Amino acid sequence: MAKEGAHMTEETEFMIDKNVGKETEKVESSSDAKEMRAVILAGFGGLNKLRVTKKPMPELQEGEVKIRVKACGLNFLDLMVRQGTIDNPPKPPLVPGFEVSGIVESVAENTTGFEIGDRVMAFVNYNAWAEVVCTPVDFVYKMPDEMTFSEAAAFSLNFVTAYMMLFEVANLREGMSVLVHSAGGSVGQAVAQLCSTVPNVTVFGIASSSKHAAIRDSVTHLFDRNVDYMQEIKKISPEGVDIMLDSLCGENTVKGLSLLRPLGTYILYGASNMVTGETKSFFSFAKSWWQVEKVNPIKLYEENKIMAGFSLLNLLFKHGKCSLVKSVMDKLLCLYDQKKIRPVVDSLWALEEVKEAMQRIHDRVNVGKLILDVEKTPTPLMANDSTETSEAGEEEEEPEGDNDSKERMPFIH
């Protein structure tokens, strides 16, 4: 049986919004409902496989916390989930998403550490893109008082990933150098901020030229991803770099290893080069893996180089390292309180605008994190596009054609 309280809504909304009357009425009406809005992935493929619909509220299980969601994180990994390019995804239909922020609505009996009304951020093993989620208490963390819900949804996955790669895997120390791909993305910006907390760390950032003006001050040296950045880096640092963070895979793996100094560490934490179109491309998938297969472990031995991989979600949900992640989160929240780090939010989107938000990530034009704001009102054009369904309950295929006329940036943070 869950611990719930009739006073929860008024107390929580007064604490958050200082607008008791209006907000209490809104949350009470939604709390009484047995259904909720959620983004459903009907099958693996293109954007037309996504739709917003009603589904039953999740039921609280032993050891879990129920959260009224305010914001959800949207990551490049979610594009790979949609296309079916990740290992062992759940069978669709499914609700995508891995991180949320919101307000604790109820807590399972004999579960400690959280109270009704707490402002929290949490990891979820899918099912994040919904109005309500339930997740084990080990994956839930209290938000700092000054942190907004959109910041919290942009904080947990990106900063924990960046911190653990830099300090737990690569052992970043004073005077070292770091090369990070996708420097304008949410993990890339987290890496840059964390590197600034260590004296004399040189950060080489690779990003599309369109992002350079926005992120130039966050890194030491910035290069266009479409030029021969290897030669430019060698001019600055002939011996190479100490740490290479690769979210692309494919040919960048071989390039990254060649740029490492002796005792340098290469870390693969993504494979976005496998996503070249709206749907899964077996050619791109095979090409990336073929290029990685050329890595020779004997050469690593001869050159004193270290090759590693990192997946935070596997660390949490498959390897059970919740206590390690919590200790990292505690350190990160101290850095946040000291105003040394702060998540970069690119833009806010309604649930019904999820297709346009995903397209923005696919086009690689975002600087920082895209957030699904559960309470945001969608623009009419986008709402109609994302919620239309056939009589059979499956979304109609979108006609081919130029979609450039659609608004893709309803609110930039």
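That block above? That's the structure.
Undergrad: Could you give an account of unusual backbone geometry, naming the residues involved and the relevant values?
TA: A cis amide bond links Pro92 with the next residue in sequence, Pro93, at an omega value of 5°. Topologically, Pro93 is positioned in the loop between helix H3 (76-83) and strand E5 (99-108). The backbone of Asn127 shows a phi angle near 70°, a positive value even though the residue is not glycine. Structurally, Asn127 can be placed in the loop between strand E6 (119-123) and strand E7 (132-136). Non-glycine residue Lys339 carries a positive phi angle of around 60°. For Lys339, the position within the fold is in the loop between helix H13 (322-337) and strand E15 (345-349). The class of Lys339 is exposed, set by a relative accessible area of 62%.

Undergrad: Summarise the sheet that holds strand E13 (residues 260-268); cite the residues concerned and give the values.
TA: Strand order in the open sheet made by the six strands is E11-E10-E9-E12-E13-E14, with parallel pairing throughout. Since the sheet does not close on itself, it has two edges, and those belong to strand E11 (221-224) and strand E14 (306-309), each with one partner. Adjacent strand axes in the sheet meet at a mean angle of 15°, parallel and antiparallel pairs treated alike. Across three bridges, strand E9 (residues 177-180) lies against strand E12 (residues 241-246) in parallel orientation. Bridging across to E12, Leu179 finds its partner in Met244. On the sheet, helix H9 (residues 251-258) packs against E12, E13 and E14 and is oriented at approximately 155° with respect to E13.

Undergrad: So, the environment of Val295: which residues are in play, and what are the values?
TA: Topologically, Val295 is positioned in the loop between helix H10 (282-293) and helix H11 (297-303). Each C-alpha atom, one on Val295 and one on Val254, is 6.9 Å from the other, the two residues being 41 residues apart in sequence. Setting aside chain neighbours within four positions, we find Val295 in contact with Thr253, Leu257 and Met307.

Undergrad: How would you explain the nonpolar core if you had to name every residue and give the values?
TA: Leu74, Trp129, Phe155, Leu245, Leu312 and Leu332 are the most contacted members of the largest nonpolar core, which totals 109 residues. One finds Ile206, Tyr229, Val241 and Tyr266 within the second-largest nonpolar core, a separate group that totals 15 residues.

Undergrad: Pulling in residues and values, what's your account of the packing of aromatic side chains?
TA: Applying the stated rule across the entire model yields seven aromatic pairs. Here Tyr163 and Phe167 contribute two aromatic rings whose centre-to-centre distance is 4.6 Å and whose plane-to-plane angle is 40°, an arrangement assigned as tilted. Placement of both Tyr163 and Phe167 in helix H5 (residues 156-169) is noted, with a separation of four residues, approximately one turn of the helix. Looking at Tyr163, the relative accessible area reads 11%, which means it is buried. Centre to centre, the rings of Phe204 and Phe223 are 6.3 Å apart; their planes meet at 20°, and the pair counts as stacked. Of the two residues, Phe204 is situated in strand E10 (residues 202-207) and Phe223 in strand E11; the sequence distance between them amounts to 19 residues. Given a relative accessible area of 9%, Phe223 falls into the buried group. By the ring-pair criterion, three or more aromatic residues cluster together here, those being Phe155, Phe159 and Tyr336. Above the ring of Phe149, the side-chain terminus of Arg119 is found at 5.0 Å from the ring centroid.

Undergrad: I'd like to hear about the pattern of salt bridges, residue by residue, with values.
TA: Counted by the stated rule, this structure contains 14 salt bridges. Of the charged contacts, one joins Arg68 and Glu105 as a salt bridge, the two residues approaching to 2.9 Å between their closest N and O atoms. Taken together, the residues span a long stretch of sequence, with Arg68 in strand E4 (residues 64-74) and Glu105 in strand E5 at a distance of 37 residues. The same class applies to Arg68 as to Glu105, namely buried. In this structure, Glu303 engages Lys305 in a salt bridge whose closest nitrogen and oxygen atoms are separated by 3.1 Å.

Undergrad: Describe the side chain of Thr135, listing the residues and the values that go with them.
TA: For Thr135, the location among the structural elements is in strand E7. Separated by 2.8 Å, the side chain of Thr135 and the backbone oxygen of Phe123 make a polar contact. The contacts of Thr135, once residues within four sequence positions are left out, are Gly63, Glu64, Val65, Ile67, Ala122, Phe123, Val124 and Val140.

Undergrad: Before we move on, can you summarise the packing of H3 against helix H14 (residues 354-362) with the specific residues and values?
TA: Packing of H3 against H14 leaves a shortest axis separation of 9 Å and a crossing angle of 110°. Considered as vectors, H3 and H14 are oriented roughly perpendicular to each other. Remark: the crossing between H3 and H14 carries left-handed chirality. Contact residues: H3 offers Phe76, Asp78, Leu79 and Arg82, while H14 offers Met358, Ile361 and His362. Across the contact of H3 with H14, the residue classes break down as four nonpolar, one polar and two charged.

Undergrad: Before we move on, can you summarise the packing of H5 against helix H6 (residues 186-195) with the specific residues and values?
TA: Following both chains from N to C, one finds H5 and H6 inclined at 55°, their axes separated by 8 Å at the closest point. What the angle tells us is that H5 and H6 run oblique. For H5 against H6, the interelement crossing comes out right-handed. Along its contact with H5, which presents Asn158, Phe159, Thr161, Ala162, Tyr163, Met165, Leu166 and Phe167, the element H6 presents Ser186, Val187, Ala190, Val191, Gln193, Leu194 and Cys195. Considered class by class, the residues forming the contact of H5 with H6 number 11 nonpolar, four polar and no charged.

Undergrad: Account for H9, naming residues and giving values.
TA: Since there are 3.6 residues in each turn of an α-helix, residues three or four apart along the chain are aligned in direction. Within H9, burial applies to Asn252, Thr253, Gly256 and Leu257. With its buried residues spanning 135° around the axis, H9 presents them on a single face.

Undergrad: Outline the pairing of strand E16 (residues 369-373), supporting the account with residue identities and numerical values.
TA: Counting buried residues along E16, four of its five residues qualify, which places the element largely inside the surrounding structure. For E4 and E16, the ladder comprises four bridges, and the chain directions are antiparallel. Among the inter-strand pairings, Gly73 is bridged to a residue of E16, identified as Ile371. As judged from the four bridges shared by E15 and E16, these two strands associate in the parallel manner. Note on E16: the bridge partner recorded for Val345 is Lys369. With respect to chirality, the unit in which E15 leads through H14 into the neighbouring parallel E16 is right-handed.

Reading the values: the criteria
- The numbers attached to residues start from 1 for each chain and follow its sequence in the written order.
- Totals for whole chains, interfaces and linings use every residue, but because this is a predicted model, local features are given only for residues with pLDDT of at least 70 and side-chain atom pairs only at 80 or more, for both listing and counting.
- Neither water nor hydrogens contribute to the side-chain values; these are computed over all heavy atoms in the structure.
- Numbering goes from the N terminus for both helices and strands, where a helix is a DSSP run of H or I of at least four residues and a strand is a run of E of at least two.
- Partly exposed describes any residue whose relative accessible area lies between the buried limit of under 20% and the exposed limit of over 50%, with all areas from a 1.4 Å probe on protein chains only and scaled to the type maximum.
- Any two strands between which DSSP finds at least two bridges are classified as paired.
- The axes are straight lines fitted to the C-alpha atoms, using for helices just the contacting stretch, and the angles between their N-to-C directions are given from 0 to 180°.
- When checking whether two residues touch, look at their non-hydrogen atoms; a contact exists if any pair is within 4.5 Å.
- Buried residues of nine kinds, namely Ala, Val, Leu, Ile, Met, Phe, Trp, Tyr and Cys, make up a nonpolar core once their side-chain atoms join them within 4.5 Å.
- Classification of ring pairs rests on two measures: the distance between centres of Phe, Tyr or Trp rings, Trp counted by its six-membered ring, which must be within 6.5 Å, and the angle between planes, read as stacked under 30 degrees, edge-to-face over 60 and tilted in between.
- A ring is considered to have a charge above it if a Lys NZ or an Arg CZ atom is located within 6 Å of its centre and within 35 degrees of its normal.
- A pair is scored as a salt bridge if a Lys or Arg side-chain nitrogen falls within 4 Å of a carboxyl oxygen belonging to Asp or Glu.
- Polar contacts, as used here, are pairs of N or O atoms within 3.5 Å; protein pairs need one atom able to donate a hydrogen and one able to accept it. Residues neighboring in sequence count only if both atoms are side-chain atoms.
- With respect to orientation, any angle under 35 degrees is reported as roughly parallel, any angle over 145 as roughly antiparallel, any angle of 65 to 115 as roughly perpendicular, and every other angle as oblique.
- Put simply, a crossing is left-handed when the front helix is turned counterclockwise from the back one by less than a right angle, and right-handed when it is turned clockwise.
- Any residue that is not Ala, Val, Leu, Ile, Met, Phe, Trp, Tyr, Cys, Pro, Asp, Glu, Lys or Arg is counted as polar, Gly included; the first ten are nonpolar and the last four charged.
- Directions from the helix axis toward the C-beta atoms define the arc.
- Consider the strands pointing away from the viewer: the crossover is right-handed when the path from the first strand over the helix to the second runs clockwise.

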